[in-house]
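Read off the chains here:
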Amino acid sequence: MENLRLSIEKSEEISFGCLVDQRDRLLASSFGSNSPLVERHLVEYSTKTILKSFTRTNHWLAQEMIRRFEGAKNPKNVNLNRAFVSTHQAKVCDVLEKIPAGKVTTYGLISNHIGSAPRAVGGAVGSNPWSIFVPCHRVVPVSLTIGNYSLCGTLGVPIDEDKIDSAALWNPSEGA
């Protein structure tokens, strides 16, 4: 049986965790200020989704999460294991991966682009297993207000009071 690897690294007060398969593909990632919760989230993902055991190890992907969180300009290439996400979620994540740094898009623009409903897009964004690597934090409501989801204030776009500057809006149907 294939053994998965779980790696958790800490940077300042934030813990970053990755669940990686034997082919070095990322199955899931998580981060937060509570290291035991980060680990529990990844263990539960492994148990519920993949049904395989894991070993604890140090893996370069946990360090890559930290680099990206801190704004690295030259991110390393990461292979995602997409075997455990639905076709719909894979479509949404494909769009999320294309959102340029310094830009945001809306649930509605993504839904129009892939031919889905905005709520279904919201569900896929909210259950993104590859946080930081697939930038779900760059999706906002059509009002351009900052909603319930927050990545420690690192949207990286201009914000005027409680709204994102419309110049930062990216439409996936129009490309880069």
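These numbers come from a predicted model, not from an experiment.

Of note, Asn74 is situated in the loop between helix H2 (60-69) and helix H3 (87-96). Classification of Asn74 as exposed rests on a relative accessible area of 54%. Residues Asn74 and Lys91, 17 residues apart in the sequence, show an inter-C-alpha distance of 25 Å. Of the polar contacts made by the side chain of Asn74, one reaches the side chain of Arg67; its length is 2.9 Å.

Between H3 and helix H4 (residues 107-114), whose axes approach to 11 Å, the crossing angle comes to 115°. Where H3 crosses over H4, the handedness of that crossing is right-handed. Residues His88, Lys91, Val92, Val95 and Leu96 of H3 form the contact with H4, whose participating residues are Ile110, His113 and Ile114. Within the contact of H3 with H4, the residues separate by chemical class into five nonpolar, two polar and one charged.

Another point: the nonpolar core. As a rule of thumb, nonpolar side chains are buried together in soluble globular proteins. Counting residues in each nonpolar core, the largest one holds 32 residues, and the members touching the most others are Phe16, Cys18, Leu26, Leu96, Trp130 and Phe133. Elements with a contribution of two residues or more to this core: strand E2 (14-20), strand E3 (26-32), H2, H3, H4 and helix H5 (118-126). Aside from chain neighbours lying at most four places away, what touches Leu26 is Cys18, Leu19, Leu61, Val78, Asn79, Leu80, Asn81, Trp130 and Phe133. By size, the runner-up hydrophobic cluster in this structure holds nine residues, among which are Leu6, Leu19, Leu27 and Tyr45.

Attention now moves to the environment of Arg23. By the element assignment, Arg23 lies in the loop between E2 and E3. Between the C-alpha atoms of Arg23 and Asn79, which are 56 residues apart in sequence, the distance is 9.1 Å.

Before going further, it helps to examine the pattern of salt bridges. If you walk through the whole model with that rule in mind, you get eight salt bridges. With a closest N to O distance of 2.9 Å, Arg5 and Asp24 form a salt bridge. Note that Arg5 is positioned in strand E1 (residues 4-11) and Asp24 in the loop between E2 and E3, a separation of 19 residues in sequence. Of the charged contacts, one joins Arg82 and Glu97 as a salt bridge, the two residues approaching to 2.6 Å between their closest N and O atoms. Of this pair, Arg82 sits in the loop between H2 and H3 while Glu97 sits in the loop between H3 and strand E5 (105-106), and the two are 15 residues apart along the sequence. For Arg82, a relative accessible area of 29% gives the class partly exposed.

Counting across every chain of the model gives three aromatic pairs. A centroid spacing of 6.0 Å and a plane angle of 15° characterise the contact between Phe16 and Phe31, whose relative ring orientation is stacked. Here Phe31 lies in strand E3 and Phe16 lies in strand E2, a separation of 15 residues in the sequence. Residues Phe16 and Phe31 agree in their burial class; the two are buried. Here Phe16 and Phe69 contribute two aromatic rings whose centre-to-centre distance is 5.3 Å and whose plane-to-plane angle is 65°, an arrangement assigned as edge-to-face. You can see Phe16 sitting in strand E2 and its partner Phe69 sitting in helix H2, a full 53 residues away along the chain.

Definitions and limits used
- Residues numbered from 1 in each chain as written.
- Predicted model: local features only at pLDDT ≥ 70, side-chain atom pairs only at ≥ 80, totals over all residues.
- Heavy atoms only, no water.
- Helix = DSSP H or I, 4+ residues; strand = E, 2+ residues; numbered from the N terminus.
- Buried < 20%, exposed > 50% of the residue type's maximum accessible area, 1.4 Å probe, protein only.
- Polar contact = N/O pair within 3.5 Å; in protein donor to acceptor, adjacent residues only side chain to side chain.
- Axes fitted to C-alpha atoms, helices over the stretch in contact; angles between N-to-C directions.
- Left-handed = near helix turned anticlockwise from the far one by under 90°.
- Contact = heavy atoms within 4.5 Å.
- Nonpolar A, V, L, I, M, F, W, Y, C, P; charged D, E, K, R; others polar.
- Core = buried A, V, L, I, M, F, W, Y, C linked by side-chain atoms within 4.5 Å.
- Salt bridge = Lys/Arg side-chain N within 4 Å of Asp/Glu carboxyl O.
- Phe/Tyr/Trp six-rings, centres within 6.5 Å; stacked < 30°, edge-to-face > 60°.

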